[in-house]
Each structure stands twice: as structure tokens, then as C-alpha cells.
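# Structural description and commentary
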Amino acid sequence: MKTLDKIPTTKIERASQLVKTGFKVGTNYLSYYGEKLVNPDLSRDKLNENNAADIYDGLKNLKGSALKVAQMLSMDKNIMPRAYVEKFSLAQFSVPPLSAPLVRKTFKTYLGKYPEEIFDTFTPDSVNAASIGQVHRASIGEKQLAVKIQYPGVAESISSDLAIVKPFAIRMFNLQGKDSDRYFKEVEDKLLEETDYKLELRQGQEISKACAQIPNLKFPKYYPEYSSAKTLAMDWMEGEHLSEFCARNTDTELGNKLGQALWDFYMFQMHGLKSVHADPHPGNFLVSPDNELIAIDFGCIKRVPDSFYYPYFELANPELIDDPKRFDEKLYELEILRTDDTREEVVYFTSLFRRLMKVFTQPFHGSSFDFSDPAFFDQIAALSEEFSKDTQIRKMNGNRGSQHFIYINRTFFGLYNLLFDLKAAVDTKYYQKYIV
């Protein structure tokens, strides 16, 4: 794979790259509509493939928040067209890495020493490269390490990147007024946290210690003495990425075992710690040679305040969903309904979210759930498609819901998709035994 000797870091450089990408996408649309005049039955498949390739090619050299957003979108398999999911999923652990000379220079900037001055061995080429940093293998004595190094300029470019995409996001999600700023602030704050490797080290240590009791789950040990705000050293963990494992696995019992560990891991965090790993994509999990699940990245942790936690999970109760008065109360608490809504808006959004919650909360309605059943995901996909074509929603204020929805919903979408890939049937209450 081609390596990078430089990453655009200034606002002008990054904006220019995004503009070039926009022109390519515009050209794809012109070509598509031109062909459609000749062939009215032409599908959007080729358009989606071309757009996905051009957008990804434009973002992969920018790294940082631009590529991170693509990675986040790739987790929503039931919302994004398949071409985008397949292309954007490369951002999880397979993007052009920094060249070896740039790695040495960056390492010296961050730690004041070159890699060979700290480690006995250090691979000049990365093992994995993602949106914010890349991983190298190293050793000190008998200790085998994974050393993550952050791309130059990533943290400094987050605010300017989001400022560039903000006008498009406002139009896409129908956001109105200054109130929309809190959603962008939520995303900006989490992205900035992901660039703080000292914070990730602490989060990794805290969560791995708290979750040590959950069986079939492993974590690396972290090494503060070889880490900094921009570099992170941990145990090298042998295993294959979860996506690679799922592609070859035919053992139903093994899929269920790993799925149960994954479910218990997330439910224990959510309900026991009220703090959750909010980046559940295949690049952040390995399957060990002993068939245990390994969690390897704790950069994105979402704290769940009580004011959001209680009404959110009360909506998982089917009886409450069917109780109009109590259901409306929770919608107001979660800021889905607003005090300045018209009667038409109240009726519309109450109906919309009741339908959503009846589908989305199904895994919580019983003591077990089979994520290998495609019917559940077909329902989510059908609702997503229906709402995307609903012209009425475009006429209403799109500022709906607490800002906490962004990462909590992302967590559940990602978790559900990982469990579907594992074809896992899980005991949805089993995690409760670990909560004191």
C-alpha cells in the first residue's frame, strides 16, 4: 500500500481537498442523470459506487475527523447504501499509512526520542492504519508491544474540518437555529477526546479492570512509561479482526459464545458503569487463538448521565411504549418532543418514535434474542428507507433529541451489527450477574 510523506494540516489545504472531492461527486451525478435520460430504468448502484470511491479517496489522505466520520457512517449498514458501507469500512483499519521517515520524525516530536532509542525492535512500517493513528509492532526484551502513533495535525484540524462540513450536515439532517450547535459540540468533544492518548490509556485501564470478571473477554495491558499524549503503548495481542473471523466462521456455538461476551461487555458498561465504549466496529475487536474476544481501543468512551439513562431505557419497556401518557413524558425528557412544538409536530413525532422504539428495542423485550435473524434488521432498514423518503419530516424542525443520542444510538447500531455478523443468539439478562 502506498505510504504518505505528508498529511494536509492547514484549513486551506484540507478545504481544497474536500472541494475537489465535491467536484468529483457533482460530475458523477451529471453523468448519472445523463445516462438516465437514455435509460430511465438505470439504478443508482453505479452512482453510489463512484461516489463512495471518490469520497473515500478524498478523505483517506486527510485522516482525522473527516475520515472518522466516514468510519462512523460505515457502521450504519441498514441506513447507508451498501457501496458506501463497504468503502467507508476500510477506514476502520486499512488506510494509507505514514511513511517510515515521517513516522520517525513524528515519534521524535511526540516523545523526544526516535523509536529505536526506546524500543529494542520497532517495525518501520505500520501493522494497521486507521483514521486518527496507526499501529506499529515493537519489543522491549521479551515483551511484545503494539505502539499507536497519532497522525500529525489531527487534533488541530478537528474544529476546522467540522466547520467545513457543518453547512452540509445542517441541510442533510434538517437542523434549524442555534440549538443545533450542541450536536456539533458533542461530536467535536468526542473527537478531541480520541486524540488524547493519555485519556485513552486511563480509560482502557479503568474499563479493563472493571470488566475483568466477564468470561471470554480479554484486554491488553497498557504501559504509561512508553506512552504520551500522542503515542500509546500496550501489549501486542495475537488475533484476527472480528470482521475476518466472521467471514470464515461456521461454528454456531463459537459465534454465540463471542456474541455473549460482547453483549455482556456492553450491557455491563451501560448499566453498571454508565460509561460505554462508543466505537463498536470490527477494527476495535480481535478474536484470539483461544477464541476469546479482545477489546483493543478505548479512545471513544461515552459517559451516560442519569437524566438520559433512565428515560432512554424506560422506553425499552413495551408496556410504556403502549401507554400514551407515559410515553409522551419520556419523549419530552429526552427532548424528542419540544414545548414549542405545534400539535401537528407532536402527533407526527410521537407516532414516528413509537414505531422506531417498538422495532429498535426488541432485543430488550425478552430474556434472549437471536441476532442471526435478518427479519429484525430488515425492519430497521425498511423504516430507515421509509423515513428517508418522507417529505413531511423535511418541513419540520429537525432538532430532535438530546445530544446524548448521537453516541448512544451509534453504540447500539454498531453492537447490533457486530452481533449480526457473529450470527449470535444471546441471553440478554446474563450480564446482570456481574453488576453489584
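This text gives an overview of the structure that appears in the document. Bear in mind that the values here come from a model prediction, so they are computed numbers and not experimental data.

### Focus: the sheet that holds strand β9 (residues 285-287)
Sheet strands pair via backbone hydrogen bonds, and the direction of the pair is either parallel or antiparallel. Across the sheet, four strands lie side by side as β5-β10-β9-β7; this open sheet has mixed pairing. Strands at the two margins of the open sheet, each flanked by one partner only, are β5 (217-218) and β7 (240-241). Of the pairings in the sheet, the one linking β7 to β9 comprises two bridges and is antiparallel in character. Across the sheet, residue histidine 241 finds its bridge partner in β9, namely leucine 286.

### Thoughts on the nonpolar core
Trp263, Phe265 and Phe412 are the most contacted members of the largest nonpolar core, which totals 92 residues. Ranked by size, the runner-up nonpolar core spans seven residues in total, among them Leu162, Val187, Leu191 and Ala278.

### A word on the packing of aromatic side chains
For the structure on display, the rule yields 34 aromatic pairs. Centroid distance tyrosine 348 to phenylalanine 349: 5.2 Å. Interplanar angle 85 degrees. Geometry classified as edge-to-face. Residues phenylalanine 371 and tyrosine 416 carry aromatic rings whose centres are separated by 5.5 Å and whose planes lie at 40 degrees to one another, so their mutual orientation is tilted. Here phenylalanine 371 is found in the loop between β12 (368-370) and α16 (374-388), whereas its partner tyrosine 416 is found in helix α18 (residues 405-422), with 45 residues between them in sequence. The residues phenylalanine 371 and tyrosine 416 share a single accessibility class, namely buried. Lysine 108 extends its terminal NZ or CZ atom over the ring of tyrosine 114, reaching a point 5.0 Å from the ring centre.

### Things to note about helix α5 (residues 100-111)
Its 12 residues give α5 an end-to-end C-alpha distance of 16 Å, which sits within 8% of 16 Å, the value for a rise of 1.5 Å per residue. Within the span of α5, buried status applies to Leu102, Val103, Thr106 and Phe107. Taken down its axis, α5 places every buried residue within 135 degrees of arc, on the same side. Away from the buried face of α5 by more than 90 degrees, exposed residues Pro101, Lys105 and Thr109 are located. Buried residues along α5 sit against α6 (115-118), β1 (121-122), β3 (133-140), β4 (143-150) and β6 (231-235). At the exit of α5 stands glycine 112, carrying a positive phi of roughly 80 degrees.

### Thoughts on the pattern of salt bridges
Scanning the entire structure with this criterion turns up 17 salt bridges. Between aspartate 189 and lysine 185 there is a salt bridge, and its shortest N-O distance comes to 2.9 Å. In this pair, aspartate 189 and lysine 185 are both assigned in helix α8 (residues 181-194), four residues apart and thus about one turn of the helix distant. With a relative accessible area of 45%, lysine 185 lands in the partly exposed category. The network of salt bridges with common partners includes Lys148, Glu200 and Asp297.

### Points about the side chain of glutamate 200
Looking at the secondary structure, you find glutamate 200 in helix α9 (residues 197-210). Among the polar contacts listed, one links the side chain of glutamate 200 to the side chain of lysine 148, at a separation of 3.0 Å. Reaching out from glutamate 200, the side chain makes a polar contact with the backbone nitrogen of phenylalanine 298 at a distance of 3.5 Å. Other than its neighbours up to four places away in sequence, glutamate 200 contacts Lys148, Leu232, Asp297, Phe298 and Gly299.

### What to know about the side chain of aspartate 264
By the secondary structure assignment, aspartate 264 is in helix α11 (residues 252-273). We note that aspartate 264 is buried and unpaired, the nearest opposite charge coming from lysine 433 at a distance of 8.1 Å. If we skip the residues at most four places from it in the chain, aspartate 264 touches Ile214, Asp427, Tyr430, Tyr431 and Tyr434.

### A look at the pairing of β4
The element β4 is largely enclosed, with a buried count of six among its eight residues. Pairing of β3 with β4, which is carried by eight bridges, proceeds in the antiparallel orientation. Looking across to β4, one finds that alanine 138 is bridged to leucine 145. Linking β3 to β4, which pair antiparallel, is a turn of two residues; within it glycine 141 sits at a positive phi near 60 degrees.

### Considerations on the packing of helix α14 (residues 324-333) against helix α15 (residues 343-360)
Their axes nearest at 11 Å, the elements α14 and α15 cross at an angle of 95 degrees. Between α14 and α15, the interaxial angle falls into the category roughly perpendicular. Counted together, Pro324, Phe327, Asp328, Leu331 and Tyr332 of α14 and Val346, Thr350, Phe353, Arg354 and Met357 of α15 form the full contact between these two elements. Broken down by class, the residue content of the contact of α14 with α15 amounts to seven nonpolar, one polar and two charged.

Analysis parameters
- Residues numbered from 1 in each chain as written.
- Predicted model: local features only at pLDDT ≥ 70, side-chain atom pairs only at ≥ 80, totals over all residues.
- Heavy atoms only, no water.
- Pairing = 2+ DSSP bridges.
- Helix = DSSP H or I, 4+ residues; strand = E, 2+ residues; numbered from the N terminus.
- Core = buried A, V, L, I, M, F, W, Y, C linked by side-chain atoms within 4.5 Å.
- Buried < 20%, exposed > 50% of the residue type's maximum accessible area, 1.4 Å probe, protein only.
- Phe/Tyr/Trp six-rings, centres within 6.5 Å; stacked < 30°, edge-to-face > 60°.
- Lys NZ or Arg CZ within 6 Å of the ring centre and 35° of its normal.
- Expected span 1.5 Å × (residues − 1).
- Arc of directions from axis to C-beta.
- Contact = heavy atoms within 4.5 Å.
- Salt bridge = Lys/Arg side-chain N within 4 Å of Asp/Glu carboxyl O.
- Polar contact = N/O pair within 3.5 Å; in protein donor to acceptor, adjacent residues only side chain to side chain.
- Lys, Arg positive; Asp, Glu negative; His and termini not counted.
- Axes fitted to C-alpha atoms, helices over the stretch in contact; angles between N-to-C directions.
- Parallel < 35°, antiparallel > 145°, perpendicular 65-115°, else oblique.
- Nonpolar A, V, L, I, M, F, W, Y, C, P; charged D, E, K, R; others polar.

None of the figures reported here should be taken as evidence of function without further support.
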